[in-house]
Amino acid sequence: MVIQYLPSTSNSYTHVYTKEDKPILGIDFGTTNSVVSYYIDAPHYHGPKPVCHAQSGDVLFPSVVYFDNKNGFVSGPSAYQKRLLYPARVISSIKRNLLLDKIILDGIEFSPIQIVREIFRGLLMSIKNECPISKPQFSTITVPYFFMQPQNLIIRQAAEETFHAVFGCYPHIEIIPEPVAASLFWLYKNQKQYQGKRTTLVFDLGGGTFDLSLVESILYPNRVSCQVIATDGCDKLGGDDIDKILFDYLLESNGISFDNLTEKEKIRLYSQIMDSVISAKCELSNSNQTNILIDLPPKLNSPYIDCIIEKEELEKLLYNDTFIESSFMSKIEKCIDGMLERSSLKNRPIDNIILVGGPTKMPIIQEFVQQKFPDASVLLTSNSNEEFICVSQGAALYSAMIGHEVSSPFGDNIQEVSYQTRIPHSIFVERYDHSLDLIIKEGAVCPVTDRKIYYPSKLSSDGLYIELSHICIYQQRGKEKPILVGEIKIEKDKLFAHGRLIDQIPILIEISADSTLIKVKGTIDKSLKDKSDYNFEEYIKL
């Protein structure tokens, strides 16, 4: 993904972009909260701004969906308010569960993409209600760097369908990694600190996912150049895990068991305790202790939970593996060390650290990062929401730059902005014997294209047809087990051998990839009935 941006030399503002007219959007689809920002390019202001939602008066839109058979779907603040009364009708943290087969709400089965659509609908309706005639032109949506193809495609498809349903149009949609958006916004906002060459670590710890990216940026007098030089992360590590650790500790230390409760009572009590746990976690970011007081059902031995949690107590839990396979902090450190070791950057000095996501407001996280990189400057802000909104604002900036019709966000002297990313996973093709053949290696600079020649495994019994029905694509991160992420269907009844043996029928497979999408292109030589080539080209999908 390389941006080359040449700003307009016109000062007449033929194209004026605001929230009301041709909105240019950036969307941070988050585990706990989502944020949408729009880019303003007008005589009075240039830059991204987050949308404030009328329901709550807040820029943060809870990534929560409620459903009942009578009234249908509700998302955002209204759904969040219903989570304690109707826990069986509410789903949260869908971002961590995009590959589930089904979600059950009020006894009805839904696919994850339906839930994602409702979150996007809530975000976009805030713009639509304020500006009924607006027609978005460009939108950039962010995803974790290490998300695989199926997850990215679910988010893209949900966004496309929702834009059309809400606005009646299909804007140009880009998908970019969250750390890229965050670093782009901080570079835009802190240009004076980024003069010359800088290496910045983007430490993005959200509600459900953890992203690391090491970004090298150079701010020249007339252009900006950035490139991602290393990445790592985990799609099952975030604030939700801190909540679960504190939840389990609370039950154990108070001798609470759900065994005698009905399923409905279990769900309701779980939601009630978890709500208190989340509030306690947030309070401990700003104070040394907090009190948890919860009324319990009569079936339990104790009528209530009444306990004081110390900040030091929570911090010990995060370094302990009693309630988790390996400690929360050790998982973070493992990701950091793995990123630096794999890229041979262990001794490379890091100038700045950008903290993104709600959990990074916790003192234990800030202290850990500072101790891990004592010579780096941790970029903090006086804006209490910056950790939450910088990703969507960076996405809006990206949308503005790919539009090519706005004035330069970095000032009139900047004539070019380039941003280079890397492939977060290795990509393989499955051979006929089920072994995997590496096509693109993890860490390759985007966009990347590579190709190989294969041959069919067999012909039909009469030798007339080529036996080939699909081509399977796998992704792998680090030393983890490769995962099937999609396949290309082949119309096998159309493939003719024309008297050739297997080793005389070359199949050219070409794979093109950037940091979020994979496209497969191929040619089966002289295999159609008229002896012309059989060609295919598509983005892989499950």
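Shown above is the structure to which this text applies.
Residues numbered from 1 in each chain as written. Predicted model: local features only at pLDDT ≥ 70, side-chain atom pairs only at ≥ 80, totals over all residues. Heavy atoms only, no water.

A. Quick look at the overall build of the protein chain. Helix and strand content of the protein chain: ten helices and 27 strands. On C-alpha atoms alone, the protein chain measures out to a radius of gyration of 25 Å, which is about the 24 Å that the 2.2 N^0.38 rule sets for 542 residues. Dimensions of the protein chain, computed from the C-alpha atoms along their principal axes, are close to 80 × 65 × 55 Å. For the protein chain, the residues scored as buried account for 54% of the 542 residues in total. Contacts in the protein chain between residues far apart in sequence, at least 24 positions, make up 67% of those at least 6 positions apart. Within the structure as shown, the protein chain displays about 24,200 Å² of accessible surface, and the carbon and sulfur contribution to it stands at 49%. Seen as two clouds, the 55 positive and the 68 negative side-chain charges of the protein chain have centres 3 Å apart. (Helix = DSSP H or I, 4+ residues; strand = E, 2+ residues; numbered from the N terminus. Rg over C-alpha atoms; globule rule 2.2 N^0.38 Å. Buried < 20%, exposed > 50% of the residue type's maximum accessible area, 1.4 Å probe, protein only. Contact = heavy atoms within 4.5 Å. Areas by Shrake-Rupley, 256 points an atom, 1.4 Å probe, with all protein chains shown as cover. Lys, Arg positive; Asp, Glu negative; His and termini not counted. Charge placed at Lys NZ, Arg CZ, Asp CG, Glu CD.)

B. Highlighting the environment of Y80. Here Y80 shows up in helix α1 (residues 77-81). For Y80, a relative accessible area of 34% gives the class partly exposed. Expressed as a C-alpha distance, the spacing of Y80 and Y39, which sit 41 residues apart in the sequence, is 28 Å. In this view, Y80 contacts P62, V64 and D275; residues no more than four positions away in its chain are not counted.

C. Seen up close, the pairing of strand β1 (residues 24-28). The element β1 is extensively covered by neighbouring structure, given that five of its five residues are classed as buried. Side chains I24, G26 and D28 of β1 all project onto a buried face; the interleaved residues L25 and I27 project onto the opposite face, where all are buried too. Pairing of β1 with strand β2 (residues 33-42), which is carried by five bridges, proceeds in the antiparallel orientation. Bridged to I24 within β2 is Y39. Counting the residues in the hairpin turn of β1 and β2 gives four residues. Pairing of β1 with strand β10 (residues 138-143) involves five bridges; the strand directions are parallel. When the bridges of β10 are listed, I27 appears paired with I141. (Pairing = 2+ DSSP bridges.)

D. Summary view of the nonpolar core. In this structure, F203, I273, F328, I332, I353 and I365 are the most contacted members of the largest nonpolar core, which totals 55 residues. Apart from the residues lying within four places of it in its own chain, the contact partners of I273 are F247, L250, L251, F258, I294 and I305. (Core = buried A, V, L, I, M, F, W, Y, C linked by side-chain atoms within 4.5 Å.)

E. Expanded view of the packing of helix α4 (residues 178-189) against helix α10 (residues 386-403). It is at 7 Å that the axes of α4 and α10 come closest, and there the two elements cross at 85 degrees. Considered as vectors, α4 and α10 are oriented roughly perpendicular to each other. Of α10, the residues touching α4 (which contributes E178, A181, A182, L184, F185, W186, Y188 and K189) are E386, C390, V391, Q393, G394, A395, L397, Y398 and M401. Looking at the contact of α4 with α10 residue by residue, the class counts come to twelve nonpolar, two polar and three charged. (Axes fitted to C-alpha atoms, helices over the stretch in contact; angles between N-to-C directions. Parallel < 35°, antiparallel > 145°, perpendicular 65-115°, else oblique. Nonpolar A, V, L, I, M, F, W, Y, C, P; charged D, E, K, R; others polar.)

F. Here's a closer look at the sheet that holds strand β13 (residues 210-219). Here we have six strands laid out as an open sheet, ordered β18-β17-β12-β13-β14-β19, and mixed in their pairing. Edge strands, defined here as strands with exactly one partner in the open sheet, are β18 (377-379) and β19 (416-420). Ignoring strand direction, the axes of neighbouring strands in this sheet form an average angle of 25 degrees. Of the strand pairs in this sheet, strand β12 (residues 196-205) and β13 are connected by ten bridges, and their pairing is antiparallel.

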